[in-house]
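Listed below are the residues making up each chain.
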Amino acid sequence: MHKLVTWPSEGLTRVPHSVYADPAIYEQEQIRIFRGRSWNFVGLLAEVPRPGDFVRAYVGETPVIVARESESQVNVLVNRCPHKGVQLCQEWAGHTKTFACPYHQWSFDLNGSLRGLPFRRGVDGAGGFSAEFDCGSHGLDRLHVTTHNGAIFASFSADTPDFARYLGPANLMYFERVFDGRPLRVLGKMRHRVATNWKTLVENFKDPYHATLLHVFFATFGIWRAGQRTEVRIDESGGSSTLVQQSPVVLQKARADEIRSDIADQMKVFRQDFLSLAEPSILKVLREFPEDEDTVTMQTLWPNCAVHQNLNSLGVRLALPRGPHMIEIHWTFFGYETDTPEMTERRLLHANFFGPAGLVTGDDIEIWQLNQRGVATTPSGVARLEAGGSGTEDADFVITETAVRAFYKHYRKIMEL
Amino acid sequence: MTHLNLLFEVQALYTECAAALDEGEFERWLGYFASECSYSIHTKENIDRGWPIALMSCTNRGMLIDRVAAVLKSSFIIARVQRRIVSGVRLREGPEFPLRTQASFAVFETFTGEPSTLFVVGRFDDVVCREDGVLKFAQRRCVLDSSIVPNSLPYPL
């Protein structure tokens with residue numbers, strides 16, 4: 001096959017801008033990545049607790065329905081009637097026994113089988129469908145499903161490795177720190193549409209280098225980040241990784257005497273005149289995850305999913321592609337059924353740092369848009385990823401782009417670029 | 001007639017509050033909130049599902065002050081002009097205080113070199129009290145009609 005892009009000879013330290021903007025590459029991503037051997041987060045079991053419950057979700061740009069058929073069975077069905085292609089289900093969530101197409105009333109049960117076909121034998125013996133028409137072969141397209149401690153993932157491919165192998169041991173361990181098997185309680189959704197490419201987000205989640213420089217909130221309020229202990233753990237393929245960092249709250253305790261002027265001098269945003277919060281209690285964190293109470297994690301799961309555990313906020317976010325230049329970000333915030341009211345209050349307050357109005361993520365959203373404006377107008381350009389060397393190994397320092405390079409190592413393999 | 005005067009006074013509070021934000025006068029905007037107050041932005045989707053998460057949630061005045069400080073001093077925000085159209089102000093409970101008041105809003109955004117676009121549409125669902133003789137918001141809940149926000153929501157509504 002003709003190569004869609006010639007990757008620069010420097011290899012892992014370069015990313016050609018065309019991967020963010022070329023419609024042909026975008027189309028291949030849908031086929032090879034999102035409809036290929038990937039596990040795509042589609043929701044939490046807590047969103048569909050009873051048989052008959054359903055929610056709407058997406059695998060890449062494909063709309064799907066996540067339906068609880070029974071206690072033990074969750075199905076993920078393509079939200080498209082096989083007759084004419086009409087989208088069956090419009091509401092975000094509900095409870096039903098069947099999904100009926102509004103056009104000709106074909107109806108499907110919770111595992112996608114075609115159960116109702118009005119005028120199957122026509123009217124007065126004329127018309128209708130032949131005796132050979134086999135309802136069994138005209139059901140909704142159904143994806144492969146795996147669940148892991150309350151999180152539901154779907155794949156178009158039967159050959160996607162089992163979930164534990166897909167994440168690799170280090171990433172599985174951090175995934176299970178949050179998804180430890182306790183029943184989850186959904187706290188809500190945030191959704192926004194951002195004019196950027198989906199990979200720009202994934203890169204951002206994998207990049208500890210930018211946090212100190214861009215996220216001024218912490219520096220402004222005297223919370224030191226540049227020197228914070230950081231670990232980057234990357235799975236063997238390179239696709240998934242976890243960023244483990246000291247909690248901002250721990251850093252706050254240590255702030256004044258730990259600030260090194262040689263670091264501060266390099267940060268334009270650095271202020272000697274720290275502002276103080278009028279309501280410092282927003283940074284109060286209740287202890288959980290006692291085995292490692294002082295760290296926060298940001299985990300990215302191949303291809304486009306991230307799980308955060310920061311302060312007391314827990315959430316999953318998806319960067320859903322909507323063409324090369326647009327994404328929808330869907331966030332699901334949650335806690336545990338066993339949370340105390342105080343813990344729930346913390347989780348809700350700490351959501352202020354995340355989402356479209358996030359005190360931290362707000363900065364990122366603006367950058368993602370500006371990033372797309374740059375790459376889309378210069379398709380011949382390349383991005384340079386040289387922070388922290390040129391490899392894709394784990395790291396124990398903050399100024400590194402190793403996980404971003406690893407992501408593109410995997411990306412190139414899957415995309416054959 | 002008293003009722004009409006009160007409604008007029010509430011309307012003026014809504015108008016001034018919107019104008020302060022449109023003009024980027026965040027400190028002035030803070031002045032329209034009572035000493036004990038809360039401010040939050042929700043989506044209709046979350047409210048309908050009974051989910052408590054808010055896009056922005058300030059449960060007291062201190063948090064509101066910090067949010068304004070973050071907007072002014074610590075956030076990277078692409079420059080824009082915002083225009084708030086507030087309409088249909090009504091008293092749901094009153095004239096005894098605290099009042100429960102509602103209004104519809106539409107916010108338009110204009111970025112440098114771009115035509116104006118509609119940003120968000122929704123409803124204010126508020127509690128208004130009188131403090132030192134002046135009407136102030138004791139609670140302001142903004143409920144967005146759409147579950148999806150375009151790009152970012154850096155400023156209060």
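Calculation criteria
- Residues numbered from 1 in each chain as written.
- Chains lettered and ligands numbered in written order.
- Predicted model: local features only at pLDDT ≥ 70, side-chain atom pairs only at ≥ 80, totals over all residues.
- Heavy atoms only, no water.
- Domains from an automatic or database assignment.
- Contact = heavy atoms within 4.5 Å.
- Buried area = accessible area lost by both parts, 1.4 Å probe.
- Salt bridge = Lys/Arg side-chain N within 4 Å of Asp/Glu carboxyl O.
- Polar contact = N/O pair within 3.5 Å; in protein donor to acceptor, adjacent residues only side chain to side chain.
- Helix = DSSP H or I, 4+ residues; strand = E, 2+ residues; numbered from the N terminus.
- Nonpolar A, V, L, I, M, F, W, Y, C, P; charged D, E, K, R; others polar.
- Axes fitted to C-alpha atoms, helices over the stretch in contact; angles between N-to-C directions.
- Parallel < 35°, antiparallel > 145°, perpendicular 65-115°, else oblique.
- Buried < 20%, exposed > 50% of the residue type's maximum accessible area, 1.4 Å probe, protein only.
- Pairing = 2+ DSSP bridges.
- Left-handed = near helix turned anticlockwise from the far one by under 90°.

Give me the lowdown on the domain arrangement of chain A, citing residues and values where you can.
Residues and elements named next belong to chain A. Looking at the assigned domains, one finds that chain A contains domain 1 (40–147) and domain 2 (169–415). At the junction of the two partners, domain 1 supplies nine residues and domain 2 supplies 17 residues. Between domain 1 and domain 2 the total buried area reaches about 1,100 Å² when both faces are included, carbon and sulfur atoms providing 69% of it. Its largest share of buried area at the contact with domain 2, domain 1 owes to F41, L44 and Y58, together 48% of the area lost on that side. On inspection of domain 1 and its partner domain 2, the count reaches one salt bridge. At the junction of domain 1 with domain 2, the criterion picks out two residue pairs in polar contact (both at pLDDT 80 or more). Residue contributions to the side of domain 1 that touches domain 2 peak at three residues, all from strand β2 (residues 40–44). Of the residues contributing to the side of domain 1 that touches domain 2, the split by class is five nonpolar, two polar and two charged.

Tell me about the interface of chain B and chain A, residues and numbers included.
Contact residues are listed per partner, giving 33 residues for chain B and 44 residues for chain A. When chain B packs against chain A, close to 3,200 Å² is buried across both sides, 60% of that on carbon and sulfur atoms. Broken down residue by residue, the surface that chain B buries against chain A is led by I53, F76 and N151 of chain B, which jointly contribute 20%. For the pair chain B and chain A, the number of links is two salt bridges. The residue R80 of chain B makes a salt bridge to E366 of chain A at a minimum N-O spacing of 2.6 Å. At the junction of chain B with chain A, the criterion picks out 21 residue pairs in polar contact (both at pLDDT 80 or more). Residue composition of the side of chain B that touches chain A, by class: 17 nonpolar, ten polar and six charged.

Before we move on, can you summarise the environment of R32 of chain A with the specific residues and values?
Residue and element names in this part refer to chain A. Examined against the element boundaries, R32 turns out to sit in helix α1 (residues 23–34). Note: C-alpha distance between R32 and I414 (382 residues apart in sequence) is 6.6 Å. Here the side chain of R32 touches E416 through a polar contact of 3.0 Å, side chain to side chain.

Kindly report on the pattern of salt bridges, identifying the contributing residues and their values.
Residues and elements named next belong to chain A. Inspection of every chain in the model, using the stated rule, returns 29 salt bridges over all chains. Here E231 ties to R229 by a salt bridge, and the two come within 3.8 Å at their closest N and O atoms. One salt-bridge network, held together by shared partners, links R229, E231, R233, D394 and D396.

Explain the environment of R37 of chain A to me, and be specific about the residues and the numbers.
Within the secondary structure, R37 of chain A is located in the loop between α1 and β2. Within the local environment of R37 of chain A, its side chain forms a polar contact with the backbone oxygen of D159 of chain A, the two atoms lying 3.2 Å apart.

An account of the packing of helix α4 (residues 198–205) of chain A against helix α12 (residues 402–415) of chain A is requested, with residue identities and associated values reported.
Residue and element names in this part refer to chain A. With their axes 9 Å apart at the nearest point, α4 and α12 run at an angle of 140° to one another. Classified by the angle between their axes, α4 and α12 sit oblique to one another. Residues W198, K199, V202 and E203 of α4 form the contact with α12, whose participating residues are V404, F407, Y408 and Y411. When its residues are assigned to classes, the contact of α4 with α12 shows six nonpolar, no polar and two charged.

How would you sum up the environment of L370 of chain A? Please name residues and give values.
Positionally, L370 of chain A belongs in helix α11 (residues 361–377). The partly exposed category is assigned to L370 of chain A, whose relative accessible area is 33%. Expressed as a C-alpha distance, the spacing of L370 of chain A and T196 of chain A, which sit 174 residues apart in the sequence, is 8.3 Å. Not counting the four nearest positions on each side in its chain, L370 of chain A is found in contact with F76 and I78 of chain B.

Hey, could you go over the sheet that holds strand β4 (residues 99–111) of chain B for me, with residue numbers and the actual values?
Residues and elements named next belong to chain B. The mixed open sheet is built from six strands, whose spatial order is β2-β1-β6-β5-β4-β3. Every other strand in the sheet has two partners, leaving β2 (56–58) and β3 (80–93) as the edge strands with one partner each. Neighbour-to-neighbour, the strand axes of this sheet turn through a mean angle of 25°, independent of strand direction. Where strand β1 (residues 33–43) and strand β6 (residues 134–144) come together, seven bridges link them in parallel fashion. Bridged to S38 within β6 is Q139.

Tell me about the packing of α4 of chain A against α11 of chain A, and name the residues and values.
All names here are of chain A. Axis separation between α4 and α11 bottoms out at 10 Å; the angle between their running directions is 130°. When the axis of α4 is compared with that of α11, the two are oblique. As α4 runs across α11, the sense of the crossing is right-handed. For the pair α4 and α11, contact is made by T200, L201, N204 and F205 and by D364, W368, N371 and Q372, respectively. Looking at the contact of α4 with α11 residue by residue, the classes come out as three nonpolar, four polar and one charged.

Could you give an account of the sheet that holds strand β7 (residues 98–100) of chain A, naming the residues involved and the relevant values?
The pairing of strands in a sheet happens through backbone hydrogen bonds and is either parallel or antiparallel. Residues and elements named next belong to chain A. The strand order across the open sheet formed by three strands is β7-β8-β9, and the pairing between neighbours is antiparallel. Edge positions in the open sheet fall to β7 and β9 (114–116), since each of these has one partner strand only. For this sheet, the mean angle separating the axes of adjacent strands, direction not counted, is 40°.

Explain unusual backbone geometry residue by residue, including any values.
Backbone torsion omega between W302 of chain A and P303 of chain A reads 5°, so that peptide bond is classified as cis. A cis geometry characterises the amide bond from G94 of chain B onward to P95 of chain B, with omega recorded as 5°. Here P95 of chain B shows up in the loop between β3 and β4. Here Q105 of chain A, not a glycine, exhibits a phi torsion of approximately 65°, which is positive. Inspection of the secondary structure assignment puts Q105 of chain A in the loop between β7 and β8 (107–109). Non-glycine residue L311 of chain A carries a positive phi angle of around 50°. Along the polypeptide, L311 of chain A turns up in the loop between β16 (305–310) and β17 (313–321).

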